[in-house]
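# Summary of structural features
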Amino acid sequence: MRAQLLTAPGSPLAAAELPAPRPTPQQVLIAVRACAVCRTDLHVVDGELADPKLPLVPGHEIVGTVVEKGEAVDRFAVGDRVGVPWLGWTCGVCEYCRGGQENLCDRARFTGYQIDGGYAELTVADQRYCFAIDQRYRDVEAAPLMCAGLIGYRSLRMAGDAQRLGIYGFGAAAHIVAQVARHQGRRIFAFTRPGDRAAQDFARSLGAEWAGDSTSAPPEPLDAALIFAPVGALVPVALAATRKGGTVVCGGIHMSDIPSFPYRILWEERVLRSVANLTRRDAEEFLALAPQAGVRTETVVYPLSEANRALTDLRNGALQGAAVLVP
Ligand SMILES: [Zn+2]
Ligand SMILES: [Zn+2]
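This text gives an overview of the structure that appears in the document. (Residues numbered from 1 in each chain as written. Chains lettered and ligands numbered in written order. Predicted model: local features only at pLDDT ≥ 70, side-chain atom pairs only at ≥ 80, totals over all residues. Heavy atoms only, no water.)

## Remarks on the nonpolar core
Counting residues in hydrophobic clusters, the biggest one holds 104 residues, and the most contacted among them are Tyr-119, Ile-167, Phe-170 and Phe-286. The biggest single contributor to this core is strand β3 (residues 27-37), with nine residues. (Core = buried A, V, L, I, M, F, W, Y, C linked by side-chain atoms within 4.5 Å. Buried < 20%, exposed > 50% of the residue type's maximum accessible area, 1.4 Å probe, protein only. Helix = DSSP H or I, 4+ residues; strand = E, 2+ residues; numbered from the N terminus.)

## Quick look at the coordination of the zinc ion (ligand 1)
Around the zinc ion (ligand 1), the protein contributes the donor atoms Cys-91 (SG), Cys-94 (SG), Cys-97 (SG) and Cys-105 (SG), at 2.3 Å from the metal centre. Considering all four donor atoms around the zinc ion (ligand 1), angles at the metal cover 103 to 117° and the coordination shape is tetrahedral. (Donors = N, O, S within 2.8 Å, 3.2 Å for Na, K, Ca; no water. Tetrahedral: all angles 85-135°; square planar, octahedral: opposite > 155°, others 65-115°.)

## Observations concerning the state of the cysteines
Within this structure, the stated rule accounts for zero disulfides. Unpaired in this structure, Cys-130 has its nearest cysteine sulfur neighbour in Cys-35, at a distance of 13 Å. (Disulfide = S-S within 2.5 Å.)

## A word on the pairing of strand β13 (residues 242-250)
Taken together, the five bridges between strand β12 (residues 222-227) and β13 define a ladder with parallel strand orientation. Bridge pairing in β13 places Ala-224 opposite Thr-247. The handedness of the β12 to β13 crossover, carried by helix α7 (residues 234-241), is right-handed. Sheet analysis places β13 next to strand β14 (residues 271-274), joined by four bridges and oriented parallel. The partner of Cys-250 across the bridge, within β14, is Ser-274. (Pairing = 2+ DSSP bridges. Right-handed = clockwise from strand over helix to strand, strands pointing away.)

## Re the coordination of the zinc ion (ligand 2)
All of the protein donors around the zinc ion (ligand 2) are Cys-38 (SG), His-60 (NE2) and Cys-147 (SG); their distances to the metal are 2.0 to 2.2 Å. Taken in sequence order, the residues that donate to the zinc ion (ligand 2) follow the motif C-x21-H-x86-C. Of this pair, Cys-38 sits in the loop between β3 and α1 (39-45) while His-60 sits in the loop between α1 and β4 (62-69), and the two are 22 residues apart along the sequence. Neither Cys-38 nor His-60 differs from the other in exposure class; each is buried.

## Description of the environment of Ala-240
Looking at the secondary structure, you find Ala-240 in helix α7. Looking at Ala-240, the relative accessible area reads 55%, which means it is exposed. Distance from Ala-240 to Pro-262, taken between C-alpha atoms, is 10.0 Å for residues 22 residues apart in sequence.

## Describing the sheet that holds β12
Spatially, six strands are ordered β11-β10-β9-β12-β13-β14 in an open sheet, and the strand pairing comes out parallel. Each edge of the open sheet carries a strand with a single partner, namely β11 (210-213) and β14. Looking at each pair of strands side by side, their axes are set apart by 20° on average, direction ignored. Pairing of strand β9 (residues 164-168) with strand β10 (residues 187-192) involves five bridges; the strand directions are parallel. If you follow Tyr-168 over to β10, its bridge partner there is Phe-191. In the packing of helix α5 (residues 172-183) onto the sheet, contacts are made with β9, β10 and β12, and the angle to β9 comes to roughly 175°. On top of the sheet, helix α6 (residues 197-205) reaches β10 and β11; it is set at about 165° to β11, its chief contact. (Axes fitted to C-alpha atoms, helices over the stretch in contact; angles between N-to-C directions. Contact = heavy atoms within 4.5 Å.)

## Details of the packing of α5 against helix α8 (residues 280-292)
Two packed helices can be described by the angle between their axes and the distance between those axes. One can describe the packing of α5 onto α8 by two numbers: an axis separation of 10 Å at closest approach and a directional angle of 70°. Relative to α8, the element α5 lies roughly perpendicular. Residue-level inspection shows Ile-176, Val-180 and His-183 of α5 in contact with α8, the latter providing Phe-286, Leu-289 and Gln-292. When the residues that make up the contact of α5 with α8 are grouped by side-chain class, the tally is four nonpolar, two polar and no charged. (Parallel < 35°, antiparallel > 145°, perpendicular 65-115°, else oblique. Nonpolar A, V, L, I, M, F, W, Y, C, P; charged D, E, K, R; others polar.)

## Notes on unusual backbone geometry
Here Leu-54 and Pro-55 are connected by a cis peptide whose omega angle stands at -10°. Along the polypeptide, Pro-55 turns up in the loop between α1 and β4. Phi at Asp-51 is positive, roughly 55°, even though this residue is not glycine. With respect to the helices and strands, the residue Asp-51 is situated in the loop between α1 and β4. A residue is classified by how much of its surface remains accessible, and Asp-51, at 67% relative accessible area, is exposed. One non-glycine residue, Glu-268, lies in positive phi territory at about 75°. For Glu-268, the position within the fold is in the loop between β13 and β14. Take Glu-268: its relative accessible area is 32%, and that puts it in the partly exposed class.

Such coordinate-based values are descriptive only and should not be taken to indicate function.
Here it is, written out as structure tokens:
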């Protein structure tokens with residue numbers, strides 16, 4: 001099969017011809033139809049996340065068709081369409097797994113990081129971490145739901161019932177979260193790189209009532225803020241824009257260092273927290289909610305062979321919505 005392979009962090013992916021993977025008893029073999037490109041892939045490729053499997057096939061927003069299944073597979077049949085997210089395996093016995101926090105499992109393994117992912121024609125995935133996808137989404141449209149959508153949804157959940165919601169970084173996750181938040185009747189304030197008028201227009205087109213530079217203050221204090229840009233300097237900015245008792249949620253897996261800031265912008269019971277990974281419950285809930293909420297995804301399609309170009313465009317902020325690779 002054709003694949004894009006990471007052999008050393010910090011160097012570009014290389015086109016490779018690999019043997020087709022074989023499913024173990026709990027795995028399905030999947031013909032990949034689409035795989036979205038997540039900022040986490042950039043962090044893996046750039047060496048900002050420690051100890052990836054090497055060589056590695058990246059990609060954890062996979063949509064494909066089951067073409068073969070292991071002997072214990074009972075959730076899916078050959079021919080079914082499935083989505084594969086970042087959470088690839090959990091132990092089921094650690095205190096986190098037993099306590100409903102499998103996203104924090106001590107021995108969790110992640111797709112496109114410790115497990116080969118979807119930058120390929122074929123992949124294998126544990127059936128217990130695969131999900132059905134609503135028919136109204138085409139393969140390319142569905143792919144960004146599998147991480148931008150899921151992690152965005154988990155981040156939004158952590159904002160509680162906040163009405164005035166700030167979103168910092170208006171990329172793939174934000175463009176999905178904004179639609180869900182609007183469906184829930186929340187008000188959206190979108191912050192982009194300074195001067196990025198195209199992203200601000202994009203945010204307004206998805207229901208943001210205000211969009212502006214990340215350096216500017218919102219017209220009203222925020223009840224909560226979600227930070228999707230990997231920029232630590234946004235943490236104090238978002239705290240300063242958030243009302244007493246409000247919450248700032250960091251949705252990314254990696255961020256540049258957070259500069260020191262005066263205690264008074266955290267004082268008055270503001271909460272600063274991160275979101276890590278996802279649970280299968282998040283996936284079931286979000287994948288049911290997305291079609292009900294009328295979530296549409298904006299995608300830019302690249303052939304699999306141009307994975308490096310997709311990563312470069314994401315790095316440079318030259319994309320609106322989500323990049324999706326098609327083999
Ligand atoms: Zn565990
Ligand atoms: Zn991701």
